[in-house]
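# Reading the structure
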Amino acid sequence: MKPVIVVHGGAGRIFKEREEGCRAGTVRAALQGYGVLKRGGSAVDAVEEAVQSMEDDPHFNAGCGSVLNEKGEVEMDAIIMDGKNLDSGAVSAVKCIANPVKLARLVMEKTKHMLLTDQGAHLFARAMGIPEIPGEKLVTERSRERWRKNLEPDFNPEDFQKDLGTVGAVAIDSEGNVACATSTGGLSNKLIGRVGDTPCIGSGGYADNHSGATSTTGHGESIMKVVLARLILYHMEQESCSFGAVQCNLL
Ligand code: ASP
């Protein structure tokens, strides 16, 4: 089967000054993920690679570049799912980790669980040899400015909703296996401990070889209301699509 990868760099309007960087970042991620598939790597390997590339890119709201919570700190969520066996792994509210998607994959492959959060996720990361980095390394001037702006009394929440940049990828490998991965800093100025749709299986992503793979982005509380990633696949099953790789924006 011809391998395919689709990536996204988040819902909403991309302001002019970010356009070029976001475009280049998504192209780079897609090419890196596709390279993995071309070399015979699995769909899981490919989505991890693509998402990691965007986590390392400060243009996106994931990894370095994540938006800040009410306290001005980065708190990130991520998920990865293997459509071959419906295995998945996720982390939520992680702080000093460069690549939450890698940690999510380790949760999937090295634990009996599907989601680790906050302190437990950090303990697990340490046990897996994933280095902690200073939280400030994940903070960009843009995210700090966004955070400050949100504290202004005349701030328009409409603009805030539109400046998102969660990242995600879906892929099919040469053996016909599908996978998805999504990673985010969440919503700017969110409450400490707020967990969005991204690490929730069926909301932030879903992958099933029988129907396809999805990675979602947009307002997490709205996405969770309808369990959007799984809902999309349900409708694809009803339409008896042979396969689809879908990215969905819900604002
Ligand atoms: N879905 C993410 C969240 O609510 C935000 C986004 O997609 O940009 O955490």
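Relevant structure appears above.
One structure accompanies this document, and this report is about it.

What counts, and at which threshold
Residues numbered from 1 in each chain as written. Predicted model: local features only at pLDDT ≥ 70, side-chain atom pairs only at ≥ 80, totals over all residues. Heavy atoms only, no water. 1 Å grid on protein atoms, 1.4 Å probe; cavity = no way out; pocket = protein on both sides within 12 Å on 5 of 7 lines; lining within 4 Å. Points joined across faces, edges and corners; volume = space filled by probe spheres on them. Helix = DSSP H or I, 4+ residues; strand = E, 2+ residues; numbered from the N terminus. Nonpolar A, V, L, I, M, F, W, Y, C, P; charged D, E, K, R; others polar. Core = buried A, V, L, I, M, F, W, Y, C linked by side-chain atoms within 4.5 Å. Buried < 20%, exposed > 50% of the residue type's maximum accessible area, 1.4 Å probe, protein only. Contact = heavy atoms within 4.5 Å.

Applying the stated rule across the entire model yields one cavity of 30 Å³ or more. In this structure, the largest cavity occupies an estimated 100 Å³ of space. Lining the largest cavity are 14 residues, with Thr166, Thr184, Asp197, Thr198 and Gly218 positioned closest to its centre. Sort the elements by how many residues they give to the lining of the largest cavity and strand S8 (residues 212-218) lands first, with three residues. Among the residues forming the lining of the largest cavity, the class breakdown is two nonpolar, nine polar and three charged.

Let us now look at the layout of surface pockets. Picture a little ball the size of a water molecule; that probe, rolled over the atoms, points out where space is still empty. Here the second largest pocket is characterised by a volume of approximately 160 Å³. Surrounding the second largest pocket, 15 residues form its lining, Ser42, Ala43, Lys84, Asp173 and Asn177 being those nearest its centre. Where the lining of the second largest pocket is concerned, the elements lending two or more residues are helix H2 (43-55) and helix H3 (100-110). No other element matches the three residues that H3 contributes to the lining of the second largest pocket. Looking at the lining of the second largest pocket residue by residue, the class counts come to four nonpolar, five polar and six charged.

Ranked by size, the top nonpolar core spans 43 residues in total, and within it Ile5, Val47, Ile80, Val91, Val94, Leu103 and Ala171 carry the most contacts. A total of seven residues in this core trace back to one element, the largest contributor, which is H2. Aside from chain neighbours lying at most four places away, what touches isoleucine 5 is Ala30, Gly33, Tyr34, Leu37, Ala46, Ala50, Val170 and Ala171. Core analysis: the second largest hydrophobic core is formed by 14 residues, Ile172, Val178, Ile223 and Met236 among them.

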